[in-house]
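Each chain is listed here by its residues.
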Amino acid sequence: MDAPSTSDTTATTADRQIADSPTAEPQSDAVELDAPSNRKAPFPRGFLETISTGWAEHPAELPQPREQAAWAARRRARVSEAFPGRRVVVPAGGLKQRSNDTDYPFRSHSAFAHLTGWGRDAEPDAVLVFEPRDEGHEAVLYFRERADRTTAEFYSDATVGEFWIGPRPALDGVAADLDLATAHLSDFQPGDHDLTVDVDDEVTRFVSELRLIKDEYELAELALAVEVTGRGFDDIVAELPRIIEHPRGERVVEGVFHQRARSDGNSVGYDTIAASGPHACYLHWTRNDGAVTPGDLILVDAGVEVDSLYTADITRTLPVSGTFTDIQRRIYETVREAADASFAAAKVGVPFRRLHEAAMEVIAARVAEWGLLPVTAEEALDADKGGQHRRYMVHGTSHHLGIDVHDCAQARRDMYYDGLLEPGMVFTIEPGLYFQIDDLTVPEEYRGIGARIEDDIVMTADGPVNLSAGIPRTADEVEEWIARLSR
Ligand code: GLY
Ligand code: MN
């Protein structure tokens, strides 16, 4: 659809916002209002004289604070304590151009979502500011309020106009919803000494480390994300016959999962990896343009992001025909053994890196047993001279999970990889084995087989809890799953 925008169609969001300032006076002259365009007729005077009138008032009733608001306030208190007397700025980020006048769907910065509680409905270009006061800070949320209906923005701005994108929030509505002071974006002035997330290292690190321990609300949202993701995996299994039929079956897998992510969540938390046959050995295979062929394994790594923006991150590897061959089963069950060893190692007070080490001990032992290593398993595990087994699993075993799929990415190493497991941490366990199609170091029967199992784990005082345990994961369970749903 073409937008009868008054601004140049190649203008950036910021340009468009300036061009259609919501504080602009009502326009009355059709020729002045509508810049010459190669693709539309100017609005006639009759339209311009009537378009701003005849609308009912917006409902006056304000919402109750959403559940997330009280949790976000507690998180903000931590930021306030950490930076006394300093002005802290947390931008939501803006729209990103895809091409010409189309943008990618907006998704706010994770620190912004965490500290405001504003999830999928956050406004592009919003900014959360911690204004220093005599005691602590006052948090103020600046955003571009919906335009008055007397402005051209209302009906002619395809980026922010309510005629185009639907109802947008008012300052008082968001203030009530998030239980936070709000102000119009045009009142926000950056300061010379601001500590701005993604500009200042100290504050960027702090807000990333603040997410290492999840609160109750976050744990519930992550459990929900896993639950919906499980439904998406069921959908894929149920659709296997159609997936096999299509020459680009991997795309069908991606689409089936995406349908569930959009209907029951906000979106996918990252691009779905639908990697069949040898593609499973490419760790982030997201081209997804291959066929899904009986006799092969298909590795699906996918996660639903729910409306609060928390995401799951789950991998299952399925035999396309419904049953594993002997070699596929051996590889798959070794990956499961590694995952189980990692899970068993997860204890409060143990270094995060033990999760990886425990998985690697299994992988090294098994590939050595299979005669694939030029050294012993013990030698392969040597921190200095070893690592030969890593050819078959080059990635890490675990990462923190939350609003970002790779959460807490700016945390210091001694808080993350060398940090100790604590109750409230959420992380993946995701070992794999990948034998590339052209890897001459392995017998031919291994080549082109890749398998990964990825689960989402919550650390509790009583031990680890596998949120995704309900999604079939042993080789027998996976075969039974396919038999049950895809016949
Ligand atoms: N799910 C993809 C990854 O963890 O890298
Ligand atoms: Mn992962």
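Now for a look at the structure at hand.

Calculation notes
- Numbers given to residues run from 1 along each chain, matching the order in which its sequence is written.
- Whichever chain is written first is A, and whichever ligand is written first is 1; the rest continue in order.
- Residues qualify for local features only when their pLDDT is at least 70, as the model is predicted, and side-chain atom pairs are given and counted only at 80 or more; totals for whole chains, interfaces and linings, by contrast, use all residues.
- Working from all heavy atoms in the structure, the side-chain values ignore hydrogens and water.
- Take a side-chain nitrogen of Lys or Arg and a carboxyl oxygen of Asp or Glu: if they are within 4 Å of each other, that pair is a salt bridge.
- Only DSSP runs of H or I reaching four residues or more are called helices, and only runs of E reaching two or more are called strands; each is numbered from the N terminus.
- When accessible area is computed with a 1.4 Å probe and restricted to protein chains, residues below 20% of their type maximum are described as buried, those above 50% as exposed, and intermediate ones as partly exposed.
- In this listing, donors mean N, O and S atoms no farther than 2.8 Å from the metal, or 3.2 Å for Na, K and Ca; water is missing from the atoms, so a site can look incomplete.
- His is not counted, nor are the chain ends; Lys and Arg add positive charge and Asp and Glu add negative charge.
- For this analysis, a polar contact is any N or O atom pair within 3.5 Å, provided that within protein one partner can donate a hydrogen and the other can accept it, and provided that sequence-adjacent residues contribute only side-chain to side-chain pairs.
- Any two residues whose heavy atoms approach within 4.5 Å are treated as being in contact.
- Comment: arc refers to directions from the helix axis out to C-beta atoms.
- Strand pairing is assigned whenever DSSP identifies at least 2 bridges connecting the two strands.
- To get an axis, a line is fitted to the C-alpha atoms, and for a helix only the part in contact is used. The angle between two axes follows their N-to-C directions and goes from 0 to 180 degrees.

**Observations concerning the pattern of salt bridges**
Argument step 1. Counted according to the given criterion, the structure contains 39 salt bridges.
Argument step 2. When the shortest N-O distance is used, the salt bridge between Arg329 and Glu479 registers 3.2 Å. Within this pair, whereas Arg329 is found in helix α13 (residues 326-345), its partner Glu479 is found in helix α16 (residues 475-485), the two being separated by 150 residues in sequence.
Argument step 3. The class for Arg329 is partly exposed, based on a relative accessible area of 25%.

**So, the coordination of the manganese ion (ligand 2)**
Argument step 1. Donor atoms from the polypeptide that coordinate the manganese ion (ligand 2) comprise Asp313 (OD), His399 (NE2), Glu430 (OE) and Glu454 (OE), at 2.0 to 2.3 Å from the metal.
Argument step 2. Site description for the manganese ion (ligand 2): donor spacing in sequence, D-x85-H-x30-E-x23-E. Here Asp313, found in the loop between β11 (304-305) and β12 (314-319), pairs with Glu454, found in the loop between β15 (449-452) and β16 (455-460); they are 141 residues apart in sequence, far enough to count as distant.
Argument step 3. Judged by relative accessible area, which is 2%, Asp313 ranks as buried.
Argument step 4. Glu454 sits in the buried class, given a relative accessible area of 0%.

**Some remarks on the side chain of Asp200**
Argument step 1. Its place among the elements puts Asp200 in the loop between β7 (195-196) and α9 (201-209).
Argument step 2. In this structure Asp200 is buried but unpaired, with Arg86 as the nearest side chain of opposite charge at 6.2 Å.
Argument step 3. A polar contact of 3.0 Å, which involves the side chain of Asp200, links it to the backbone nitrogen of Glu202.

**So, the environment of Arg353**
Argument step 1. Tracing the backbone through its elements, the reader meets Arg353 in helix α14 (residues 353-369).
Argument step 2. Leave out the neighbours within four places in its chain, and Arg353 touches Tyr417 and Asp418.

**As for α16**
Argument step 1. Looking only at α16, the buried set comprises Ala475, Val478, Glu479, Trp481 and Ile482. Seen end-on, α16 carries its buried residues on one side only, within an arc spanning 155°.
Argument step 2. Among the structural elements, α10 (216-238), α11 (240-245), β12 and α13 are those in contact with the buried residues of α16.

**A look at the sheet that holds β16**
Whether parallel or antiparallel, the strands of a sheet pair through hydrogen bonds between backbone atoms.
Argument step 1. Taking strand neighbours across the sheet as the criterion, the three strands line up as β13-β16-β17 in an open arrangement whose pairing is antiparallel. The open sheet has two edge strands with one neighbour each: β13 (426-429) and β17 (463-466). Averaged over neighbouring strand pairs, the angle between their axes works out to 40° when direction is ignored.
Argument step 2. Relative to β17, β16 runs antiparallel, the two being bridged by four bridges. Paired with Val458 across the bridge in β17 is Val465.

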